[in-house]
Amino acid sequence: MTEPAALDRLPVALRDAVRATLADWSANDNRKVRRLWAGDAALWTGGDESRWLGWLHAVDQQIEALPALEALAADVRAAGFEKALLLGMGGSSLGPEVLAETFGAQPGHPRLFVLDSTDPAQVASFERAVGYDSSVFIVSSKSGSTLEPNVLLAYFFARAVEKLGAAEAGKRFIAVTDPGSKLEGEAKAKGFRHIVHGVPSIGGRFSALSPFGTVPAAVMGLDLRDFLARARAMTRACGPDFAAEQNPGVVLGAVLGCAARAGRDKLTIIASPGVYDLGAWLEQLIAESTGKLGKAIIPVDLEPLGAPAAYGEDRLFVYVRLATDASAEQDAAVDALEAAGQPVVRVAMPSKADLGAEFFRWEIATAVAGAVMGIHPFDQPDVEASKIATKALTSAYEETGVLPSEAPAFTADGIALYTDAEQARALAAGAGTPATLEGWLRAHLMRLGPGDYAALLAYVERSDPHLEALAAMRRTVFERTGRATCVGFGPRFLHSTGQAYKGGPNTGVVLQITCDDSADLAVPGQKYTFGIVKAAQARGDFQVLIERGRRALRVHLGADVAAGLDRLNRALSVALG
């Protein structure tokens, strides 16, 4: 989707809107493209957008920093570390996760693991997988004040001291953070092996090509010279010297923005198996950038592909096709969608080494889409609301030793349902008599209408069995309702799609899934535990969803998560049968 001819395959109305937008961006000597690169905030809302455009120059900066990055990689390799565990959240973890999942372990270098959860089972699972004997830890936090990286650092550093001694523990840690942050001070005090500064003018979700991406890439042994050279070629192609119609990032952004304005705001991501995890990064970039003021592009990632007739008129499909690992099944499905008149954007990716180039293409596209939609793509006003609600709950726990009590609206088979009083009355009336779990679920999900989407948001361990269980549930919802489906694991989605669920249009029907923790972990220096933090995050976010008038139902499974998910899956199948 870099040539004007590619637009011919779009539906006529969308094609014409995109062409008009590109003509507007190219008018007067490519004026709008030049304004973007010049940091003209009036291109968006006239707010503080110009403060957040450091990502435009990140690739050139990281190429200049290559000697330092290669020295860091050599030091880590010489130390004999076999595993690297990155502790982060949101923009500081999703980019590195895509690198780890796409490239895997590199010979002679540490294998990279990424932990972005407060679920105690997940924390314990990663601790077992990584250990301490030959591991290095990367603590990534732009502000240095984000809850999740802070509690993860407290836990793993204390455990490293226990296992290795205080003198050795600090040598196992690397910090990536903005200059002057609280984390920088703590890293200096604890004698971290390396401290690498981020760029204050680059927001978290635009930081994949900044030190938040290049440091873990260096540690895991990627060929950064080639990776960044390919990314620089894309920055040049997306630069102000190319007309909008020939600019791969601007063309993509125009399609995204025009489609959203036309009601095709469910961006359905199809990616070749070799780059399957790119969607996790795209979710945050797109949802957190566009989901505000009642507008949003809702990313739909890893949804099972259906027949063309299964989709409504709210979809825009993007197919990221990796030439070296293309799927014939995906090719056929995308061809069928296009033949049926669905809008499809095809993004050709020659090799995995072009991942950095795709990061930049999509960053430009997101900035352009924000301008087309008339929103500020670099802020996240609704993320803070959940943080405040969570803080209030954890503070209450620190004072009293318990979280505030709550009463379920319905219980059955060891599962409890929660929502606000008004929704509880409506759902109870729609559930029929005698009331059943299936009836409540049916009443809730039958609220899905044209243009709506279902969001399954699970605060459980992000393990393979749980991923499979949630995938089965979303398939049931998609096939039985015909609506778009999203799946997120808490708390990581709070720093990603959560912004759009709260700040975007009220088109989401949310099923939040929580559990009791069969085993918990203490947070050093705090009364609260990881389980309490996770519970507070879930309850805090649910509270904000309710305050925003969202259609939301919380399903609490109890301590046997596998059995609870199985029961919920069966109930959904009956409810939507």
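Here we summarise the structure given alongside this text. Only a predicted model underlies this, so the values are computations on that prediction, with no experimental measurement involved. (Residues numbered from 1 in each chain as written. Predicted model: local features only at pLDDT ≥ 70, side-chain atom pairs only at ≥ 80, totals over all residues. Heavy atoms only, no water.)

Section: the overall build of the chain
And then number 1: A tally of helices and strands in the chain yields 21 helices and 15 strands.
And then number 2: The C-alpha radius of gyration of the chain comes to 23 Å, within 12% of the 25 Å expected for a compact globule of 577 residues.
And then number 3: The buried share of the chain, taken over its 577 residues, is 61%.
And then number 4: Contacts spanning at least 24 positions in sequence make up 78% of the contacts within the chain whose residues lie at least 6 apart.
And then number 5: Accessible surface, the chain: about 20400 Å² in total, of which carbon and sulfur atoms supply 52%. (Helix = DSSP H or I, 4+ residues; strand = E, 2+ residues; numbered from the N terminus. Rg over C-alpha atoms; globule rule 2.2 N^0.38 Å. Buried < 20%, exposed > 50% of the residue type's maximum accessible area, 1.4 Å probe, protein only. Contact = heavy atoms within 4.5 Å. Areas by Shrake-Rupley, 256 points an atom, 1.4 Å probe, with all protein chains shown as cover.)

Some words on empty space enclosed by the protein
And then number 1: Summed over the entire model, instances satisfying the criterion amount to one cavity of 30 Å³ or more.
And then number 2: The calculated volume of the largest cavity comes to roughly 30 Å³.
And then number 3: If you trace the largest cavity, you find it lined by Asp-116, Ser-117, Gln-122, Val-460, Arg-462, Phe-489, Gly-490 and Arg-492.
And then number 4: In terms of residue class, the lining of the largest cavity is made up of two nonpolar, three polar and three charged. (1 Å grid on protein atoms, 1.4 Å probe; cavity = no way out; pocket = protein on both sides within 12 Å on 5 of 7 lines; lining within 4 Å. Points joined across faces, edges and corners; volume = space filled by probe spheres on them. Nonpolar A, V, L, I, M, F, W, Y, C, P; charged D, E, K, R; others polar.)

So, the packing of helix α15 (residues 383–400) against helix α20 (residues 530–547)
And then number 1: Between α15 and α20, whose axes approach to 8 Å, the crossing angle comes to 135°. Taken together, the axes of α15 and α20 are oblique relative to one another. Of the two possible hands of crossing, α15 and α20 adopt the one that is right-handed. Touching Ala-385, Ser-386, Ala-389, Thr-390, Leu-393, Thr-394 and Tyr-397 of α15 are Ile-532, Ala-536, Gln-537, Arg-539, Gly-540, Asp-541, Gln-543 and Val-544, all from α20.
And then number 2: Class assignment of the residues belonging to the contact of α15 with α20 gives a composition of seven nonpolar, six polar and two charged. (Axes fitted to C-alpha atoms, helices over the stretch in contact; angles between N-to-C directions. Parallel < 35°, antiparallel > 145°, perpendicular 65-115°, else oblique. Left-handed = near helix turned anticlockwise from the far one by under 90°.)

Some words on the nonpolar core
And then number 1: Counting 97 residues, the largest nonpolar core has Trp-25, Leu-36, Trp-55, Trp-281, Phe-359, Trp-362 and Ile-364 as the members making the most contacts within it.
And then number 2: In terms of residue count, helix α14 (residues 355–373) provides more of this core than any other element does, 13 residues in total.
And then number 3: In this structure Ile-364 touches Leu-36, Trp-37, Trp-55, Leu-56, Cys-238, Gly-249 and Val-250, once residues within four positions along its chain are discounted.
And then number 4: Membership of the second largest hydrophobic core comes to 37 residues, among which are Phe-410, Ala-431, Val-555 and Leu-568. (Core = buried A, V, L, I, M, F, W, Y, C linked by side-chain atoms within 4.5 Å.)

Details of the layout of surface pockets
Any empty space left between the atoms is revealed when a probe the size of a water molecule rolls over them.
And then number 1: Each pocket or cavity is described by its volume, and for the largest pocket that value is around 1100 Å³.
And then number 2: Forming the boundary of the largest pocket are 40 residues, of which Glu-97, Tyr-276, Asp-277, Arg-462 and Leu-467 lie nearest the centre.
And then number 3: Among the elements of the structure, α4 (91–103), β2 (111–115), α5 (120–130), α12 (278–290), α18 (464–481) and β13 (484–489) are those that each provide at least two residues to the lining of the largest pocket.
And then number 4: The greatest single-element share of the lining of the largest pocket, amounting to six residues, is contributed by α18.
And then number 5: The residue inventory of the lining of the largest pocket, partitioned by class, reads 19 nonpolar, seven polar and 14 charged.

A look at α18
And then number 1: Over its 18 residues, α18 extends 26 Å from the first C-alpha to the last, a length consistent with the 26 Å expected when each residue adds 1.5 Å.
And then number 2: All buried positions along α18 are accounted for by His-466, Ala-469, Leu-470, Met-473, Arg-474, Thr-476, Val-477, Phe-478 and Thr-481.
And then number 3: Directly after α18, the chain includes Gly-482, whose backbone phi takes a positive value near 75°. (Expected span 1.5 Å × (residues − 1).)

Points about the pairing of β2
And then number 1: Of all five residues in β2, four are buried, a share of seventy percent or more.
And then number 2: As for the winding sense of the linkage, the β-α-β connection from strand β1 (residues 83–87) through α4 to β2 is right-handed. (Right-handed = clockwise from strand over helix to strand, strands pointing away.)

Focus on the side chain of Gln-499
And then number 1: In this structure, Gln-499 sits in helix α19 (residues 498–503).
And then number 2: Looking at Gln-499, its side chain comes within polar contact range of the side chain of Asp-382, at 2.8 Å.
And then number 3: Polar contacts involving the side chain of Gln-499 include one to the main-chain amide nitrogen of Val-383, which spans 3.1 Å. (Polar contact = N/O pair within 3.5 Å; in protein donor to acceptor, adjacent residues only side chain to side chain.)

With respect to the packing of aromatic side chains
And then number 1: Throughout the structure, instances matching the rule amount to 21 aromatic pairs.
And then number 2: Geometrically, the ring pair formed by Phe-157 and Phe-192 is stacked, given 6.3 Å between the ring centres and 25° between the ring planes. Placement of the pair is Phe-157 in helix α6 (residues 147–164) and Phe-192 in the loop between α8 (182–190) and β5 (194–197), with a sequence separation of 35 residues. In terms of burial, Phe-157 and Phe-192 fall into one category: buried. (Phe/Tyr/Trp six-rings, centres within 6.5 Å; stacked < 30°, edge-to-face > 60°.)

Things to note about the pairing of strand β15 (residues 551–556)
And then number 1: Of all six residues in β15, six are buried, a share of seventy percent or more.
And then number 2: Residues Arg-551, Leu-553 and Val-555 point to one face of β15 and Ala-552, Arg-554 and His-556 to the other, with burial holding for every one of them.
And then number 3: Pairing between strand β11 (residues 415–418) and β15: three bridges, direction antiparallel. Bridge pairing in β15 links Leu-417 to Val-555.
And then number 4: In this structure, strand β14 (residues 508–514) lies alongside β15, joined through six bridges in parallel fashion. Residue pairing in the sheet places Leu-511 in a bridge with Leu-553 of β15.
And then number 5: Note that the unit made of β14, α20 and β15 has a crossover that is right-handed. (Pairing = 2+ DSSP bridges.)

Read these as spatial facts, not as claims about activity.
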